[in-house]
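# Results of the structural survey
Here is how the chains run, residue by residue.
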Amino acid sequence: MDGLAFPRIQALGIAAARGKEPKGAPGKSDSGSSRSAGGRVLGCQGAALEVECSAGRGGVVCLAAGCVLLRAPERGWRRGGGAARGIPAGRSSESLGAVSPQEEATIKQSDIRIMAGKVKWVTDIEKSVLINNFEKRGWVQVTENEDWNFYWMSVQTIRNVFSVEAGYRLSDDQIVNHFPNHYELTRKDLMVKNIKRYRKELEKEGSPLAEKDENGKYLYLDFVPVTYMLPADYNLFVEEFRKSPSSTWIMKPCGKAQGKGIFLINKLSQIKKWSRDSKTSSFVSQSNKEAYVISLYINNPLLIGGRKFDLRLYVLVSTYRPLRCYMYKLGFCRFCTVKYTPSTSELDNMFVHLTNVAIQKHGEDYNHIHGGKWTVSNLRLYLESTRGKEVTSKLFDEIHWIIVQSLKAVAPVMNNDKHCFECYGYDIIIDDKLKPWLIEVNASPSLTSSTANDRILKYNLINDTLNIAVPNGEIPDCKWNKSPPKEVLGNYEILYDEELAQGDGADRELRSRQGQSLGPRAGRSRDSGRAVLTTWK
């Protein structure tokens, strides 16, 4: 309790229960330094009052035996002088007495009653944008070994929670921020594998979505660059490489992020050298070999100011079956610090080719004020002024189409656990023909803030995510239908709702082969002057 001053409680009972702000009074710490002791009543239940102190995260005042008992977080109980009306101004911690075991037992009962209606949270990701959002809701921090309601966890932890060995069973009042097998979408190799399977299934069903052009390319599902898994698909890759030996390919380790382990190649000998350096005698053998994907490099990216960029878009999925997802309107572009050139002499220069902030922040030309970032709304304005509104709208419709189809591709294999939601970071590259390409999906998009604007964006992202995942900030109930009202969406907008789509007959319309009613090319049509949503929504 040393050095901790408490707020004056001027009105207890009804006035306090209404949440009136008590006036703070300056107090003296044991060290003699003056500090503000202002605070506000957070709640009132029975004989207990919970108070938020400016000198700490919170405290509880309990009226018992005609005195005021105070507890600061993690510091235990002490008796305060004065009558039940309140604590005299300027009361210092020196005058607080000890509490008897009987009184402490009574106080703990009151404490339990107060905390019973609050969400108890845990996280193993210590980011201020997370913790500030939890604390502003008045949620209570606990450890992972205690009873918790909300756990924002890393992908490593989610693996342990849902592992068979752990034998952990979540209750109806517990939710987590990842689906158990999110990696079906967020591992580079599995994402491609699931999209390829999805295409084949649609083709087998005779779906018009799987329609191809005269060159055998998908008309509506060609949104991932040609990709192979190494070492498994080495022979297939060599066959494809020899069809256009002047092309450039990009190699990425399947299980890494932030640009780690990525490099570009334009000769088969470079792969063979990499294989030797990796101490693998053969590509056919997969033993002790880290899996890589190798994709055809988009060597004609759209440039702004001569620089390459990609889009980071946030997508929230509340359930996969039925699929319900939301697009966050405040995404951003990430720019390279060095002007782009397709020259083979610059293949090793990652400041030219990779947009990851983790790489670009080490460049000489990195700008710490704007962080090499541009809002999606600015990009949209730029494209509307240089390419036209119609073309720009079509581009963003195609981006939305890509995201929905990628989620539909993994929905059948995703473990749709009712305790889960997930906020994904989608990385999209636009080429100079304004065709968008899905590069990868991140399960844990960075919550580190590189600029002031970045911090605001990510704080609001978490705030809006929590408003959807944990309605009204109350203790979760996994049995609810996960359909929040529009008023709580904030900067999210509904991207796809499978139940609504089926109800509106959109899926039936999607199977129609008439005109432009397919895929991202479906714009807005007019029916008696009423705007009709694009068919895939």
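Look a little higher up for the structure.
As a starting point, this report considers the structure included with it. Keep in mind that what you see is a predicted model, and the values were worked out from it rather than measured.

### Remarks on the overall build of the protein
Assigned secondary structure in the protein consists of 15 helices and 25 strands. The buried share of the protein, reckoned over its 537 residues, is 50%. Put simply, 64% of the contacts in the protein that link residues at least 6 apart link residues at least 24 apart. With an accessible surface of roughly 26,200 Å², the protein has 48% of that area assigned to carbon and sulfur atoms.

### Here's the deal with the pairing of strand β19 (residues 332-335)
Here β19 shows no split at all, with Phe332 and Arg334 on one side and Cys333 and Phe335 on the other all buried. Pairing of strand β17 (residues 307-320) with β19 involves 4 bridges; the strand directions are antiparallel. The residue bridging leucine 311 from the neighbouring strand is cysteine 333, located in β19. The pairing of β19 with strand β20 (residues 373-375) spans 3 bridges and is classified as antiparallel. Paired with cysteine 333 across the two strands is tryptophan 374, which belongs to β20.

### Brief notes about the sheet that holds strand β8 (residues 120-123)
Across the sheet, 4 strands lie side by side as β9-β8-β10-β11; this open sheet has parallel pairing. In this open sheet, the two edge strands, each paired with only one partner strand, are β9 (140-141) and β11 (175-176). Where β8 meets β9, 2 bridges bridge the pair, whose relative direction is parallel. Bridge pairing in β9 places tryptophan 121 opposite glutamine 141. Taken strand by strand, helix α3 (residues 128-136) contacts β8 and β10 (150-152), and its axis lies near 175° from that of β8.

### With respect to the nonpolar core
By size, the foremost hydrophobic cluster in this structure holds 65 residues, and its most contacted members are Leu185, Tyr320, Leu407, Tyr424, Tyr426 and Leu438. Looking at this core element by element, the count peaks at 10 residues for helix α12 (residues 389-410). Apart from residues lying up to four places away in sequence, tyrosine 426 is in contact with Leu185, Leu311, Arg312, Leu313, Val315, Ile403, Ser406, Leu407, Leu438, Glu440 and Val441. Ranked by size, the runner-up nonpolar core spans 29 residues in total, among them Trp152, Tyr326, Cys423 and Leu489.

### Describing unusual backbone geometry
For the bond running from leucine 230 to proline 231, omega is 10°, close enough to zero to count as cis. Along the chain, proline 231 turns up in the loop between β12 (227-230) and α7 (234-243). Omega for the peptide link from arginine 321 to proline 322 comes to 0°, which places this bond in the cis form. Inspection of the secondary structure assignment puts proline 322 in the loop between β17 and β18 (323-328).

### Considering the sheet that holds β12
Across the sheet, which stays open at both edges, the 4 strands sit in the order β12-β15-β13-β14 with antiparallel pairing between neighbours. Every interior strand has two partners, whereas the edge strands, β12 and β14 (263-265), have only one. Along the sheet, successive strands turn relative to each other by an average axial angle of 30°, direction set aside. Pairing geometry for β12 and strand β15 (residues 292-296), over 4 bridges, is antiparallel. Opposite leucine 230, over in β15, you have tyrosine 292 as the bridge partner. Strand contacts of helix α6 (residues 188-205): β12, β13 (249-253) and β15, with the helix running at about 130° to β12, the strand carrying the most contacts.

The rules we used
- Residues numbered from 1 in each chain as written.
- Predicted model: local features only at pLDDT ≥ 70, side-chain atom pairs only at ≥ 80, totals over all residues.
- Heavy atoms only, no water.
- Helix = DSSP H or I, 4+ residues; strand = E, 2+ residues; numbered from the N terminus.
- Buried < 20%, exposed > 50% of the residue type's maximum accessible area, 1.4 Å probe, protein only.
- Contact = heavy atoms within 4.5 Å.
- Areas by Shrake-Rupley, 256 points an atom, 1.4 Å probe, with all protein chains shown as cover.
- Pairing = 2+ DSSP bridges.
- Axes fitted to C-alpha atoms, helices over the stretch in contact; angles between N-to-C directions.
- Core = buried A, V, L, I, M, F, W, Y, C linked by side-chain atoms within 4.5 Å.

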